[in-house]
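Structural overview
These are the residues of each chain, in order.
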Number of protein chains: 2
Amino acid sequence: MRDYGSENLWEVTESALESIAIGAGILGTGGGGNPYIGQLRARQVIREKGPVAVLSPEELPDDARVVCVGGIGAPTVGIEKVRDYQSYHALRAIEDYTGEKATALISNEIGGSNSVEPLIPAAMTGLPVVDADGMGRAFPEFQMKTFFVYGVPCCPMAVADEKGNSVVIRDTINPQWAERLARSITVQMGCVACYAVAPMSAQQVRRTAVPNSLTLARNLGDAVKQARQEGRDPLSAILEVCPGKELFGGKVMDVDRRTAAGFARGTLGIDGLDSWAGQKMEIEFQNENLVARRDGEIVCIVPDLICAVGTDLGEPVTTEMMRYGLRVTILGFPAPALWTSDEGLAVAGPRAFGYDVDYVALTV
Amino acid sequence: MRDYGSENLWEVTESALESIAIGAGILGTGGGGNPYIGQLRARQVIREKGPVAVLSPEELPDDARVVCVGGIGAPTVGIEKVRDYQSYHALRAIEDYTGEKATALISNEIGGSNSVEPLIPAAMTGLPVVDADGMGRAFPEFQMKTFFVYGVPCCPMAVADEKGNSVVIRDTINPQWAERLARSITVQMGCVACYAVAPMSAQQVRRTAVPNSLTLARNLGDAVKQARQEGRDPLSAILEVCPGKELFGGKVMDVDRRTAAGFARGTLGIDGLDSWAGQKMEIEFQNENLVARRDGEIVCIVPDLICAVGTDLGEPVTTEMMRYGLRVTILGFPAPALWTSDEGLAVAGPRAFGYDVDYVALTV
């Protein structure tokens, strides 16, 4: 392994990747892109090029240039139109535009395939990834990153597709406009693309990123895998690693899903089983799960995490994989503190998604 | 006037601008943006900053860097949401991206307001404009420029709006993709934006541009103004300057127009008057007039020019100004030779617009 002067350095090997995909699938709150497809894509590159080094924000050299790369589009489309090396192309495009070379990569969201997206260009280029991300979960829109909430410029950013088209959003009046323009470009590119944002400094990453999230995802995945091997309940194992709460459990009865404006939007209906028998849960989603109502009453809402896992195996169930008959358990986790501030709620609280209700924090 | 070493140099003064707006309105085949609004916008800048020098392609210094600037969007929206200095912002964005300073500007199309769009940043910066353009008429889509048909790269190009957003389309697999991405960005920007393409060399301009078109537009406008003053028929004056043919004359009976996908699309119905009494003409348009049918039979089709002028005063009538009751005469002009080659017809012939007919050249 290259010497990064780090004492706590770990590497994303194929085995760690498998754990991250499980953990990030859970933290992805239904979105972030299909974690299994993301794992397959990253595994191929790691198998060819070797594992990827992970540095904590504190271990980054002070002159580091950290590029956030990620996928953008509708997860429903992403399972049919699998990405290839668009994030590498987006990285090269933003390096070319800014004239600065990245020295580390960071995930935009520790959810679904986006948690592992930086691993692909990292393995291709030999760069390390940062043990942090811009959400500590997944969110559907580009501006919903702690980086931008806390003052890192969101432009310039590059968007690239698999065909060879690339666009640089050079300057926008606010991050919402970057989302708006990037989304319309992505729709034209076939609803699946990747982006890379202009390099951040180490100081910016330390101040604005959600730390330790790659480690958390790996630990979650390790716990699920170990519980399965030992025949223990994976749901309890998840809640031991990441404090949260069971919100509901039952059988998926209805999925009303549509791909609209570059998003997967819809509503999910679950009938309770076992201790939840006789009750119903309804979850509204926009790529990610946004609000969970049990018998009509809100029990968890953004930015808190609403996560669906298979009741038996604890595997993450993303919105695009939801279908009639699945047995799922819905877990709730408190949002990272960066999201529950006034600044955070303004960008990713209930009202940012059109819900005319105040945020009430999940109690665990 | 600055010394450009040119013997045939002329300047776009306020008076010349008025003539150009009339002539380019006619050559605009119904599109290119409202010529009167374009004139008002350019007049304000020329009044403040002084006239703009016009250089023929041959007079360009060999090391010239010529930037094509233009408006993009739906003319129907452009009359309500008037552009301001977006073309200047787009120029600066592409200079910034390429690291090259423009030494002259060129119009993308000698039609409507796009014929005078480069005059605004030219007057603001003191740069000359080239007496040439990329169409010799107007066309609705970005790739439909002789520059790109004959091998000039269409990327990078910058798109800017009036709010402060700017995007660089960095690389596309073909010019149609540049159109597709630029159009969707423009729709987000409010259906009206401006663009600037990476600098061309003098040699590229000489080889691929339609020459002398600014002079032609000015001469057409001068002829119309003079005929009006002398009480002569302005339509005859137009046909004396630019060989063409009267295709129809009558009263507008029906305009079926919609703003769709960033274009003004529709159909125009005219009932014949005077020598055309008892006959009907139908014209289909996409920003510009594409095909003219007289009693069901095609009498003129792209890339030949189908131009509507007021029957009495010879003023250009663009598609967004068409309304019931207007007395119009429809003139046809042969397309520039650059468009009637196989390469030209592939990009802007009838089939490029979805008409399953061969191009038949207008005979004059």
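Everything numeric in this text was worked out from a predicted model, so none of it was measured.

Position of S56(B) among the secondary structure elements: in the loop between β2 (52-55) and β3 (65-73). The exposure class assigned to S56(B) is buried, which follows from its relative accessible area of 15%.

Quick look at unusual backbone geometry now. Following C155(A), the chain continues to P156(A) via a peptide bond in cis, the omega torsion being -5°. Along the polypeptide, P156(A) turns up in the loop between α6 (146-149) and β6 (157-160). Although it is not a glycine, T29(A) adopts a positive phi angle of roughly 50°. With respect to the helices and strands, the residue T29(A) is situated in the loop between α1 (14-27) and α2 (35-49). You can call T29(A) buried: its relative accessible area is 0%. Positive phi, close to 60°, is recorded for N287(B), a residue that is not glycine. With respect to the helices and strands, N287(B) occurs in the loop between β13 (280-286) and β14 (288-294). The exposure class assigned to N287(B) is buried, which follows from its relative accessible area of 4%.

What follows covers the relation of the copies chain A and chain B. Overlaying chain A on chain B yields an RMSD of 0.0 Å, the required transformation being a rotation through 180° with an accompanying axial translation of 0.0 Å. Put plainly, the chains are arranged around a two-fold axis. Considering only C-alpha atoms, the residue of chain A closest to the rotation axis is V168(A), which sits at 2.5 Å. Looking at chain A, 100% of its interface residues are interface residues in chain B too, so the copies touch through the same face.

In this section: the environment of E109(A). Residues and elements named next belong to chain A. Here E109 is to be found in the loop between β4 (104-107) and α5 (119-125). A C-alpha to C-alpha distance of 6.2 Å links E109 and G136, two positions 27 residues apart in sequence. With sequence-adjacent residues up to four places away left out, E109 is seen in contact with G32, N114, S115, D133, G134, M135, R137, A138, F139 and E288.

Moving on to the sheet that holds strand β17 (residues 327-333) of chain B. All names here are of chain B. Pairing in this open sheet of 7 strands is antiparallel, and the strands run β15-β14-β13-β12-β11-β17-β16 from one edge to the other. Unpaired on one side and paired on the other, β15 (297-301) and β16 (305-310) mark the two borders of the sheet. Recorded for the sheet is a direction-independent mean angle of 35° between the axes of neighbouring strands. Where strand β11 (residues 245-260) meets strand β12 (residues 263-272), 10 bridges bridge the pair, whose relative direction is antiparallel. Within β12, the residue paired with R258 across the bridge is R265.

Here we come to the packing of helix α9 (residues 213-230) of chain A against helix α10 (residues 234-241) of chain A. To characterise two packed helices, one gives the angle between the axes of the helices and the distance between these axes. Residue and element names in this part refer to chain A. Where α9 contacts α10, the two axes come as close as 8 Å, and the packing angle between them is 150°. With respect to α10, the axis of α9 lies roughly antiparallel. In the crossing of α9 with α10, the sense of the turn from one axis to the other is right-handed. Mapping the contact onto sequence places L216, N219, L220, A223, V224 and A227 in α9 and P234, A237, I238 and V241 in α10.

All names here are of chain A. Taken together, the 7 strands give an open sheet; going across it, the order is β15-β14-β13-β12-β11-β17-β16, and neighbouring strands pair in antiparallel fashion. Across the chains shown, the open sheet's two edge strands, defined by having one partner strand only, are β15 (297-301) and β16 (305-310). Each strand axis lies, on average, 35° off the axis of its neighbour in the sheet, ignoring direction. Bridge count for strand β11 (residues 245-260) against strand β17 (residues 327-333) is 6 bridges, and the pairing is antiparallel.

This part covers the environment of L127(A). Residue and element names in this part refer to chain A. Along the chain, the position of L127 falls in the loop between α5 and β5 (129-133). Residue classification places L127 among the buried residues on the basis of a relative accessible area of 14%. On a C-alpha basis, the gap between L127 and A160 in space is 20 Å, while along the polypeptide they are 33 residues apart.

Take the pattern of salt bridges next. Residues and elements named next belong to chain B. Per the stated rule, a full pass over the model turns up 32 salt bridges over all chains. The salt bridge involving E117 is made with R41; its shortest N-O contact spans 3.0 Å. Taken together, the residues E117 in the loop between β4 (104-107) and α5 (119-125) and R41 in helix α2 (residues 35-49) connect sequence positions 76 residues apart. Both residues of the pair, E117 and R41, belong to the buried class. The partner of R65 in a salt bridge is E100, with the nearest N and O atoms 3.0 Å apart. A residue pair is termed long-range when its members are at least 10 positions apart, and R65 in strand β3 and E100 in the loop between α4 (86-98) and β4 qualify at 35 residues.

Judged by nonpolar contacts, the single largest core of 96 residues is most densely connected at V12(A), I238(A), V12(B) and I238(B). If sequence neighbours within four positions are ignored, V12(A) has contacts with L17(A), I20(A), I46(A), P51(A), V52(A), V54(A) and L119(A). Within the second largest apolar cluster, 66 residues are counted, among which are A64(A), I106(A), I185(A) and I185(B).

The next subject is the environment of G266(A). Residues and elements named next belong to chain A. Structurally, G266 can be placed in strand β12 (residues 263-272). Judged by relative accessible area, G266 falls into the buried class, the value being 7%. Each C-alpha atom, one on G266 and one on D256, is 5.2 Å from the other, the two residues being 10 residues apart in sequence. Contacts of G266, omitting those with residues within four sequence positions, involve D256, R257, R258, I283, E284 and F285.

Let's shift gears to helix α7 (residues 175-188) of chain B. Helical periodicity: at 3.6 residues per turn, an α-helix aligns residues three or four positions apart in one direction. Residue and element names in this part refer to chain B. Look at α7: 20 Å from first C-alpha to last across 14 residues, which is about the 20 Å you get at 1.5 Å a residue. Of the residues that open α7, the one with a side-chain oxygen 3.1 Å from the backbone nitrogen of Q176 is N174. Positive phi appears at G190, one or two residues downstream of α7, with a value of about 105°.

Definitions and cut-offs
- Residues numbered from 1 in each chain as written.
- Chains lettered and ligands numbered in written order.
- Predicted model: local features only at pLDDT ≥ 70, side-chain atom pairs only at ≥ 80, totals over all residues.
- Heavy atoms only, no water.
- Helix = DSSP H or I, 4+ residues; strand = E, 2+ residues; numbered from the N terminus.
- Buried < 20%, exposed > 50% of the residue type's maximum accessible area, 1.4 Å probe, protein only.
- Least-squares fit on C-alpha atoms with pLDDT ≥ 70 in both.
- Contact = heavy atoms within 4.5 Å.
- Pairing = 2+ DSSP bridges.
- Axes fitted to C-alpha atoms, helices over the stretch in contact; angles between N-to-C directions.
- Parallel < 35°, antiparallel > 145°, perpendicular 65-115°, else oblique.
- Left-handed = near helix turned anticlockwise from the far one by under 90°.
- Salt bridge = Lys/Arg side-chain N within 4 Å of Asp/Glu carboxyl O.
- Core = buried A, V, L, I, M, F, W, Y, C linked by side-chain atoms within 4.5 Å.
- Expected span 1.5 Å × (residues − 1).
- Polar contact = N/O pair within 3.5 Å; in protein donor to acceptor, adjacent residues only side chain to side chain.

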